[in-house]
Amino acid sequence: MTTLLQQLVYGLILGGTVGLIALGYTMVYGIVQLINFAHGEIFMVGAFGALATFTWVIPEGVKGTWYITLPLMVIAGAVVSMVLALIIERLAYKPLRNAPRLAPLITALGVSVALKEAVRLWYPGATAPLPFPKAFLAGNIDIGPVVFPKTGLLLIVVTIVLTTLLQIYINKSRMGRAMRATAQDPDVARLMGINPDRTIVLTFAIGAVLAGVAGVLYGIHLTNISIDIGFQNGIFAFTAAVLGGIGSIRGAVIGGFIIGLVKTIAGQYLPGGTQYDYVWIFVVLIAVLVFRPQGLFGETERVRA
Amino acid sequence: MTKTFLSPPIARILGIAGAVLAIVAAMLPWTTFVLNKGAWPDKATLQFFDAPFALTGFRWELFLVGIVALVCSVVKVPAQRRVLRGLGFGVAAIGLVNFLFITAEGGGLGAVTAADGASAFGSVAALVAGGLLILGTFGQPLEEIPRWKTNLPTPVEYLGLLVSFAVLLYVVSLTLTAGGQGGAANPYSGPMFLSFLGFGGGLMAAAAGLGILRWISKLSEKHRAFSIIVLLLCAFLLPFTNAGTEYWMTVAANIGVYAATAIGLNIVVGLAGLLDLGYVAFLGIGAFVAANLSGAAASSLGIHLPFYLVVIISAAIAGIFGAVVGSPTLRVRGDYLAIVTLAFGEIFQIAARNNIGGLTGGSNSIPNIPPLQWFDGTAYNESITLFGTPLPSGVLYYFLIVVLIAAVMAVFANLKNSRMGRAWIAIREDEDAARAMGIKTGKAKILAFLCGAVLAGIAGAVFAHKTSTVGYESFLFMESVTLLAAVILGGMGSIPGAVLGASLLFVLPEKLRAFSDYRLLIFGLALILIMRFRPQGLIPDRHRRAELAGEDAEGHTLAETPGDEPEQPRPQEVPAR
């Protein structure tokens, strides 16, 4: 029982990360129908951006005070991710807006490979996993025999808060309405006086900011990052987005938590153990795509953005 | 391209000046001092620059291009601007490659301009010459590519084809060996190879501009059987050329395995339009099956079957897996399908990494797979003597792979023109319309996956014996992406395209070992650039060319190709028979 609860905790923490990344996938896919393979790498670059800020920008004296370093690192990660995503959107995806579907997908693959390699080549020491500062309260909250790392709790809380804010923004604000309209029908949205290009850029930016934040919190929780975290978590996140129903904000996050739980629990209880825990995620992905391609919330929640 | 900001006489003068400058550049020194790794090749370093007219290597190549450019800009040749532009790009490429390399190796611009009172402006001159040549063609719009007669007497056409293919054989041999084998003894093999590519590419572009390439392809289409026999013969003659060393034969055989696999992938992606991101798993399945049935000591089965049986079993098992992976296509489409195939590929990779069932050796791989044996017991990795010529070891594998590629090509060509192939193309164009026309789309799609997987399985069986070690590291996601990139780079749905794409993607890393660190970065950027500027690939399939370079259904112009060929379909084109 304790093991199960403990695995549930770890699953929720992983799910928080995956959910935050999945938001970017689901929004971008909802609006331009592009599987943005580079999104996972944007998450990774966000983490590295924050690490660079910590290493070279934040003065030595305050490095130990988490309530100064944490906000700075989160902002740095978010900004780095956002700027990168906007550059990618402008240079790689925008020229292909009307090309056949295969072209942007392959471009996204290329961007993903190039980003990962660029970090490996030019970030000092990135050829091996790098230690990441634990810029938050150390230690655990003990709930009976189950331990809940404080950094993990932070991740989950941030995920839920940001998702709620995003949901409100998309449902209530003017720009949010524009995003939903563009997702439904870009041409009609244009007729209604919405600038689809601006909306798409905004979508990429929001997704990237969330991924950047996820990258920083992920680093703080695990206290080390490597260039490989992007691809792996990117695939998890895409699975989560599909599971929740592409286009659904709520679905992406709930999908993220489900993916996290599947991985930890399958790793604990299913044959093969942790060596095969990834496989179960892919099995879930395939099963969802085959039996319920619209995902959990794809049909009930018509609103996409 | 249609801007006419240069008057024709000025453009002409620019062209001539560029050509002359290219010739001059070939005779200039290129490096002021001896670089740390040794003098720049072909006596281009100032200290060794004793005989300006004794040209070798890249300087000889530049000189040749310059002479051709000079002749073409003075004499009236058909499609003059096209030819000159191609040559200009060649000159600029040679200049740029050497400029960048010397600057990087020499630690600054001093190495390529003037330092310590010495000057060496060769690369700068070549760059300027290339620029002038290209600029000179902006004077007026580019001409149509000339159309050559293809109704000559048959013997003359045969002779033309023979000569063309002989030249092709020579070019392939030169390209393989250009720059030599990299290593400590030859640190500059990378730039020398790239210079050669610039040289060859420039001449090819010029030949394409003259319409020669189109003429050859027309002729070879007309005399299909003859061309195939001659091409096969040329492939078998390659070991007898300069490329006939053990190293180049191994490289060629490696390329061949991936080319065969790429053709298989071309069925799935190019014909049926189903994006497969886990395709390398089928190559892996074929390889692991063959490894386990080869009698290798590390295989847990300990069975040793003859190779022809192994090939059949590998193909069958890969095919079964292909059908399984393809089965979600019944319900899943487009991007989602790509993700499903990616998931299957990852599952395979994880399973192989964890030595599933003791069949894959996990991180230990399956080593010491015995080589194949010829009927008289000669192992395939021994050297042999043929027609009195000693051939290096590995040459038998090369021959086997040539046969394999020929067979795969034959399968592909027949499938493409079969009822099923037409069904695939219909599905690629519009699945709903295809279904409305009575095509059983589900069956067709699964069959596409199955056929692709079978071809990859066969290639995998050969791969296992050739490399003698099979481990999961050979079948990672990146390999799938590389294969996909080979198909796309060459041109989807096109056979020569897949072979060319695979050759480029697997030759370049071999040649540019000094840059192996940057391999994937360049690869990623190249994917982006190809999609942006030439989505139809280098040798596009005829249908595909019309589709990708023309206009799509909504009337947007899709690809603004740099325009070395007018890409619009030509309905009025009637084959001259």
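What you see is a predicted model, and the numbers here were worked out from it, not measured in a lab.

(A) Just the overall build of chain B, in detail. In terms of helices and strands, chain B carries 20 helices and four strands. A burial count over chain B gives 49% of its 577 residues as buried. Taking the contacts inside chain B whose residues are at least 6 apart along the sequence as the reference set, 78% of them involve residues at least 24 apart.

(B) Representation of the overall build of chain A in the model. From N to C terminus, chain A includes eleven helices and four strands. Burial status across chain A gives 55% buried among its 305 residues. Sequence-distant contacts in chain A: of pairs separated by 6 or more residues, those separated by 24 or more amount to 77%.

(C) The UniProt feature "transmembrane region" (unreviewed entry) in chain A, seen in detail. Residues and elements named next belong to chain A. Within this structure's numbering, the places UniProt gives as "transmembrane region" (unreviewed entry) are residues 12-35, 42-59, 65-88, 100-123, 152-170, 200-220, 235-266 and 278-297. Helix makes up 100% of residues 152-170 and strand makes up 0%, while its end C-alpha atoms are separated by 27 Å. Secondary structure content for residues 235-266 is 88% helix and 0% strand, and the end C-alpha separation is 17 Å.

(D) The arrangement of the pairing of strand E2 (residues 140-143) of chain A in detail. All names here are of chain A. Where E2 and strand E3 (residues 146-149) come together, four bridges link them in antiparallel fashion. In the sheet register, asparagine 140 faces E3, and the bridge partner there is proline 149. The turn joining E2 and E3, which pair antiparallel and follow one another in sequence, is formed by two residues; a positive phi near 60 degrees is taken by glycine 144.

(E) Representation of the environment of B:Arg519 within the structure. Considering the arrangement of structural elements, one finds B:Arg519 in helix H19 (residues 519-533). Separated by 162 residues in sequence, B:Arg519 and B:Gly357 have C-alpha atoms that sit 35 Å apart.

(F) Quick look at the interface of chain A and chain B. Listed as interface residues are 32 residues of chain A and, on the opposing side, 34 residues of chain B. When contributions to the side of chain A that touches chain B are tallied by element, the ones reaching two or more residues are helix H4 (102-122) and helix H11 (277-291) of chain A. The class makeup of the residues in the side of chain A that touches chain B is 26 nonpolar, four polar and two charged.

(G) Representation of the packing of helix H13 (residues 395-417) of chain B against helix H16 (residues 441-467) of chain B. All names here are of chain B. Relative orientation of the contacting elements H13 and H16 amounts to 180 degrees, with a least axis distance of 11 Å. Relative to H16, H13 is oriented roughly antiparallel. Between H13 and H16, the residues in contact are Tyr397, Leu400, Ile401, Leu404, Val408, Val411 and Leu415 and Cys451, Leu455, Ile458, Ala459, Val462 and Lys466, respectively. A breakdown of the residues in the contact of H13 with H16 according to their chemical character gives twelve nonpolar, no polar and one charged.

(H) Local environment of the confidence of the model for chain A. Of all residues in chain A, 97% have pLDDT values of 70 or greater, and the mean over the chain is 87. Predicted confidence for residues 300-305 of chain A stays below pLDDT 50, and this span has 18 contacts to residues more than four positions away or in other chains.

(I) Main features of helix H3 (residues 80-106) of chain B. Residue and element names in this part refer to chain B. For H3, which comprises 27 residues, the first-to-last C-alpha distance of 38 Å matches the rise-based estimate of 39 Å (1.5 Å per residue) to within 8%. Within H3, 21 of the 27 residues are buried, which leaves the element mostly enclosed by the surrounding structure. Remark: glycine 108 follows H3 within two positions and exhibits a positive phi of approximately 140 degrees.

(J) Quick peek at helix H17 (residues 477-490) of chain B. Taking 1.5 Å per residue as the helical rise, H17(B) with its 14 residues ought to reach 20 Å, and the 20 Å between its terminal C-alpha atoms agrees with that figure. The buried fraction of H17(B) is high, at twelve of 14 residues. What H17(B) keeps buried is the set B:Glu479, B:Ser480, B:Val481, B:Thr482, B:Leu483, B:Leu484, B:Ala485, B:Ala486, B:Val487, B:Ile488, B:Leu489 and B:Gly490. For H17(B), the elements touching its buried residues are H4 of chain A together with helix H9 (246-271), helix H10 (280-292), helix H12 (334-353), helix H18 (495-511) and H19 of chain B.

(K) Geometry of unusual backbone geometry. Despite not being glycine, A:Thr223 shows a phi value in the positive range, around 55 degrees. Counting through the fold element by element, A:Thr223 comes out in the loop between helix H8 (196-222) and strand E4 (224-225). On the basis of neighbour count, A:Thr223 is assigned to the partly exposed category, with 13 C-beta atoms found within 10 Å. For B:Ser468, which is not a glycine, the phi torsion comes out positive at approximately 70 degrees. Looking at where B:Ser468 falls in the secondary structure, it is placed in the loop between H16 and H17. Residue classification places B:Ser468 among the partly exposed positions, given that 16 C-beta atoms sit within 10 Å.

(L) Just the confidence of the model for chain B, in detail. All names here are of chain B. Of all residues in chain B, 85% have pLDDT values of 70 or greater, and the mean over the chain is 78. Helix H20 (residues 542-549) is the least confidently modelled element of chain B, averaging 55 in pLDDT, while H10 averages 90, the highest of any element. Within the model, pLDDT remains below 50 along residues 550-577, and this stretch shows 35 contacts once partners closer than five positions in the same chain are excluded. Overall fold confidence (pTM) sits at 0.82, and the ipTM for the predicted complex is 0.87.

Each value, and the rule that gives it
- Residues numbered from 1 in each chain as written.
- Chains lettered and ligands numbered in written order.
- Predicted model: local features only at pLDDT ≥ 70, side-chain atom pairs only at ≥ 80, totals over all residues.
- Helix = DSSP H or I, 4+ residues; strand = E, 2+ residues; numbered from the N terminus.
- Buried ≥ 20, exposed ≤ 12 C-beta atoms within 10 Å, placed from the backbone.
- Contact = placed C-beta atoms within 7 Å.
- UniProt positions renumbered as here; feature names shortened; annotations may be inferred.
- Pairing = 2+ DSSP bridges.
- Nonpolar A, V, L, I, M, F, W, Y, C, P; charged D, E, K, R; others polar.
- Axes fitted to C-alpha atoms, helices over the stretch in contact; angles between N-to-C directions.
- Parallel < 35°, antiparallel > 145°, perpendicular 65-115°, else oblique.
- pLDDT = per-residue confidence, 0-100.
- Expected span 1.5 Å × (residues − 1).

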